[in-house]
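This is what each chain is made of:
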Amino acid sequence: VAAIRAGQLGLKAAVVERDELGGICLNWGCIPSKALLRNAEVLRLFNRAEEFGISFDNLTADYGKAIDRSRKVVSTLTSGVAGLLKKNNVQHIKGNARLVDANTLEVTPDGTTLTADNIMIATGATARSIPGVEIDGVQVITSREALALRDIPKSVFIIGGGATGCEFAYLYNAYGSQVTIVEMLPHLLPNEDEEISRQLERAFTRQGIKFMTETRVNELGRNKTGLTVTTEQGGELKSTDTEKVLVAVGVQPNTDDIGLEEAGVQLERGFVKVDGSMATNIPGIYAVGDVTGVMLLAHVAMAQGVLAVERIAGIDTPELRYGQMPKATYCHPQVTSFGLTEKAATEHGYSVKVGKFPFAASGKAQAIGDTEGMVKVVAAKDSGEILGVHMIGPEVTEMLGEMSLVQFLEGTVDEVGWLVHSHPTLSEVLKEAALAADGKAIHI
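Residues numbered from 1 in each chain as written. Predicted model: local features only at pLDDT ≥ 70, side-chain atom pairs only at ≥ 80, totals over all residues. Heavy atoms only, no water.

## Quick notes on the overall build of the chain
Stated formally: Numbered from the N terminus, helices here are DSSP runs of H or I no shorter than four residues, and strands are runs of E no shorter than two. We take the radius of gyration over the C-alpha atoms and set the globule estimate at 2.2 Å times the residue count to the 0.38 power. Exposure categories follow from relative accessible area, calculated using a 1.4 Å probe and restricted to protein chains: below 20% of the type maximum is buried, above 50% is exposed, and the middle band is partly exposed. By definition, residues are in contact when any of their heavy atoms lie within 4.5 Å.
When helices and strands are tallied, the chain shows 14 helices and 24 strands. Against the 2.2 N^0.38 benchmark of 22 Å for 444 residues, the chain shows a C-alpha radius of gyration of 23 Å, consistent with a compact globule. Each principal axis of the C-alpha atoms in the chain carries an extent, and together these give about 65 × 65 × 50 Å. Looking at the chain as a whole, 46% of its 444 residues are labelled buried. Nonlocal contacts in the chain, meaning residues at least 24 apart in sequence, comprise 61% of its contacts between residues at least 6 apart.

Written as structure tokens, this is what we have:
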């Protein structure tokens with residue numbers, strides 16, 4: 001994205017990439033996982049077919065074909081990225097780049113030397129392991145191996161109840177795997193509003209997904225048929241047998257052996273330290289994306305890339321507002337949010353009012369047979385300023401943009417309440433939740 005924007009601005013740009021264009025998100029992250037989750041949604045609907053008066057025999061679900069479809073989606077998009085680079089006169093160089101100094105890169109294995117006024121580090125991050133749980137890529141895997149696995153395990157133990165863990169839990173459960181999640185913090189999706197996390201936990205329980213919160217993994221052992229995971233919760237030990245373990249506890253930056261030390265680039269907790277322009281402590285060297293540790297989301301990385309390039313080009317682009325960046329988890333029900341949770345808003349000294357509206361009261365949600373979840377709007381009590389929006393339910397990841405735009409334009413719950421939505425649509429719940437903040441919701 002940074003290189004394309006540079007090309008649009010008339011700058012001479014090159015991308016050095018050792019693997020496929022598009023990085024982890026496109027090749028082994030966001031895109032293939034969402035393709036697989038779409039398969040899970042289709043399978044989920046088939047399993048509910050009788051509710052809609054449809055019956056059939058001999059349903060089979062070929063997970064290998066689901067993997068094939070996900071890889072086809074990826075290949076289509078990677079070729080598209082190559083086309084976009086070419087269109088914008090960006091040179092693509094395959095290899096490993098290493099900083100020689102603030103203006104020079106050495107590319108291996110061919111030994112090419114590149115010089116530039118500005119160099120951008122966008123090397124991303126890789127899955128992190130935890131002590132005592134050695135990732136072997138076969139029985140103990142990360143999301144990278146999971147996205148290539150052609151056979152659904154009979155049982156899987158997921159370490160980490162964040163977005164990645166919850167998405168794979170839903171996927172594997174939909175295909176009939178026995179799923180257990182373990183999370184050290186009090187709730188699944190611990191960075192979301194607590195009320196939303198509780199709703200997801202209830203939904204997972206109904207789906208048959210097991211989870212243990214405030215629990216840590218003590219030991220991982222091997223048995224004749226697979227693995228035994230020993231966990232500890234409140235001083236009590238418990239053993240769980242499983243075929244595979246998926247480690248989803250976060251990432252570590254790809255900063256090794258790229259010449260940061262030689263160039264004098266400062267690190268913080270292992271990540272590249274940047275300022276509001278994405279500039280490092282060395283003039284002319286920038287960093288964007290997961291390698292900075294600022295906010296590890298693909299859409300944030302893209303926004304950072306555009307910001308950095310526009311600053312390089314002399315454009316006075318405003319700094320990014322990370323507190324308002326959207327987050328999304330694509331399990332079922334979907335979870336999405338931006339801004340302050342109700343608890344965080346209170347801790348920041350705001351006097352708040354909260355509007356809630358359940359999908360169960362939505363005519364469209366009832367019509368499509370998908371009524372789990374709610375919209376929760378947190379607003380300043382006096383002004384009605386939107387401080388945060390938290391959503392769980394059908395297609396909420398597609399609905400958050402409206403509320404983000406209102407917040408970006410300094411709108412209030414009153415203005416969202418005035419807006420007329422098509423009826424019946426799922427997005428009507430946004431209007432109703434905003435009205436509910438002042439006790440004005442109509443349909444509940």
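Back to the text.
## Some points on the side chain of S70
Among the secondary structure elements, S70 is positioned in helix α4 (residues 63–87). When its relative accessible area of 0% is taken as the criterion, S70 is described as buried. Apart from residues no more than four positions distant in its own chain, S70 is found in contact with P32, A35 and L36.

## As for the side chain of T397
Condition: Within 3.5 Å is the distance limit for a polar contact, defined as a pair of N or O atoms, with the added protein rule that one can donate a hydrogen and the other accept it, and that residues adjacent in sequence qualify only through two side-chain atoms.
With respect to the secondary-structure elements, T397 resides in the loop between β24 (386–393) and α12 (400–408). A relative accessible area of 17% means that T397 is categorised as buried. Of the polar contacts made by the side chain of T397, one reaches the side chain of Q334; its length is 2.6 Å. Leaving out residues up to four positions away in the same chain, T397 has contacts with A328, T329, Y330, Q334, V335 and T336.

## Comments concerning the sheet that holds strand β10 (residues 178–182)
Condition: Only when DSSP finds a minimum of two bridges between them are two strands counted as paired.
Spatially, 5 strands are ordered β8-β15-β9-β10-β11 in an open sheet, and the strand pairing comes out parallel. Only two strands of the sheet have a single partner each, and these edge strands are β8 (140–141) and β11 (210–212).

## Side note on the pattern of salt bridges
Applicable threshold: Within this document, salt bridges are pairs made up of a side-chain nitrogen of Lys or Arg and a carboxyl oxygen of Asp or Glu, the two lying within 4 Å of each other.
Tallied over the full model, the rule gives 17 salt bridges. The closest approach of N and O atoms between K376 and D193, which form a salt bridge, is 3.0 Å. Here K376, found in strand β23 (residues 374–380), pairs with D193, found in the loop between β10 and α7 (194–207); they are 183 residues apart in sequence, far enough to count as distant. Judged on exposure class, the residue K376 and its partner D193 are both buried.

## What to know about the environment of Q8
Of note, Q8 is situated in helix α1 (residues 2–8). Sequence separation between Q8 and Q233 is 225 residues; the distance between their C-alpha atoms is 54 Å. Within polar-contact distance, the side chain of Q8 engages the side chain of R5 at 3.0 Å.

## Structural notes on the state of the cysteines
In plain terms, the rule: Disulfides are defined as pairs of cysteine sulfur atoms found within 2.5 Å of each other.
Tallying each qualifying case throughout the model produces 1 disulfide. Sulfur-sulfur distance for the disulfide between C25 and C30 comes to 2.1 Å. Handedness here is read from the sign of the S-S torsion; for C25 and C30, about -135 degrees, the answer is left-handed. Its sulfur unpaired, C166 is 5.5 Å from the next cysteine sulfur, which belongs to C331.

## Some details on the nonpolar core
Basically, it comes down to this: Grouping buried Ala, Val, Leu, Ile, Met, Phe, Trp, Tyr and Cys residues that are joined through side-chain atoms within 4.5 Å yields what is termed a nonpolar core.
If you look at the biggest cluster of nonpolar residues, it comprises 35 residues, and the most contacted ones within it are Y172 and F204. Sort the elements by how many residues they give to this core and helix α6 (residues 163–174) lands first, with 7 residues. Grouped together as the second largest cluster of nonpolar side chains are 23 residues, M391, V396, V413 and L426 included.

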